[in-house]
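# Architecture and fold: a report
The lines below spell out each chain.
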Amino acid sequence: SSRRAQCQCVLVSQIQMSRLKDDPANILLLSSAIGAISLAAYVRTLCPSVPSGDAGELLQLAVELGVAHPPGYPTWTLIAHAFSRLPWGEVGWRVNLSSAVLNSAAVMMLSAAVGQWLRSSWAGVAAGGGFAF
C-alpha cells in the first residue's frame, strides 16, 4: 500500500510537471516578444550619427564595402552595407540600426534556445532579457 502511494505521488508530480512544460509555440511567441521589446528599446536609444572609437572607421568601411583592420568583420560589413542602402535616416543611424536588429535577433534566438532546452518559455525570456539588458 505504501509503495502504491509512492507511485501515485510520483505519477501526480510528473503530470503536474508536464503541465508546466511549454509547447514550442509558446516558446516561440514569448521569444519573439522579448526580441521585439529589445529592438524597440535599442531603436529608441540608437546613436543618431557616428559614435566614438573605431565606429567611424567601421561605418565608412560598411558603406564602401572595405576591409577593416584584423579580424575584418566581413559578415557584419556586408549586413551593415545592406542597411546603409536603406532610403531613410542618416547613414550612421542606418548602420547603427543594423547592430540593433542583429542584437535583437540574437536575443530572440537565445531566448528560444534556452526555452526549448529547458522546456520553459519563461526561462527563455529570463535568459533573453538578461542578455538584452
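That block above? That's the structure.
What counts, and where the lines are drawn
- Residues numbered from 1 in each chain as written.
- Predicted model: local features only at pLDDT ≥ 70, side-chain atom pairs only at ≥ 80, totals over all residues.
- Heavy atoms only, no water.
- 1 Å grid on protein atoms, 1.4 Å probe; cavity = no way out; pocket = protein on both sides within 12 Å on 5 of 7 lines; lining within 4 Å.
- Points joined across faces, edges and corners; volume = space filled by probe spheres on them.
- Helix = DSSP H or I, 4+ residues; strand = E, 2+ residues; numbered from the N terminus.
- Nonpolar A, V, L, I, M, F, W, Y, C, P; charged D, E, K, R; others polar.
- Axes fitted to C-alpha atoms, helices over the stretch in contact; angles between N-to-C directions.
- Parallel < 35°, antiparallel > 145°, perpendicular 65-115°, else oblique.
- Left-handed = near helix turned anticlockwise from the far one by under 90°.
- Contact = heavy atoms within 4.5 Å.
- Phe/Tyr/Trp six-rings, centres within 6.5 Å; stacked < 30°, edge-to-face > 60°.
- Buried < 20%, exposed > 50% of the residue type's maximum accessible area, 1.4 Å probe, protein only.

### Here we look at the layout of surface pockets
Each pocket or cavity is described by its volume, and for the largest pocket that value is around 170 Å³. Residue lining of the largest pocket: Leu46, Cys47, Pro51, Ala55, Leu58, Leu59, Trp76, Val95, Asn96 and Ser99, and that is the complete set. Of all the secondary-structure elements, those providing two or more residues to the lining of the largest pocket are helix H3 (55–64) and helix H5 (91–118). Among the residues forming the lining of the largest pocket, the class breakdown is eight nonpolar, two polar and no charged.

### Focus: the packing of helix H4 (residues 74–84) against H5
The contact between H4 and H5 brings their axes to 8 Å, and the two run at 125 degrees. By the angle between their directions, the pair H4 and H5 is classed as oblique. For H4 against H5, the interelement crossing comes out right-handed. Packed against H4, whose contacting residues are Trp76, Ile79, Ala80, Phe83 and Ser84, the element H5 presents Val91, Arg94, Val95, Leu97, Ser98, Ser99, Val101 and Leu102 at the interface. When its residues are assigned to classes, the contact of H4 with H5 shows nine nonpolar, three polar and one charged.

### What about the packing of aromatic side chains?
Per the stated rule, a full pass over the model turns up one aromatic pair. Between Tyr42 and Phe133 the ring centres are 6.1 Å apart and the planes differ by 50 degrees, which places this aromatic pair in the tilted class. Residue Tyr42 is found in helix H2 (residues 24–44), and its partner Phe133 is found in the segment after helix H6 (121–132); the two are separated by 91 residues along the sequence.

### Details of unusual backbone geometry
The phi torsion at Leu65 lies on the positive side, around 60 degrees, for a residue other than glycine. For Leu65, a relative accessible area of 43% translates into the label partly exposed. With a phi close to 55 degrees, Arg119 is a non-glycine residue in the positive phi region. Its place among the elements puts Arg119 in the loop between H5 and H6.

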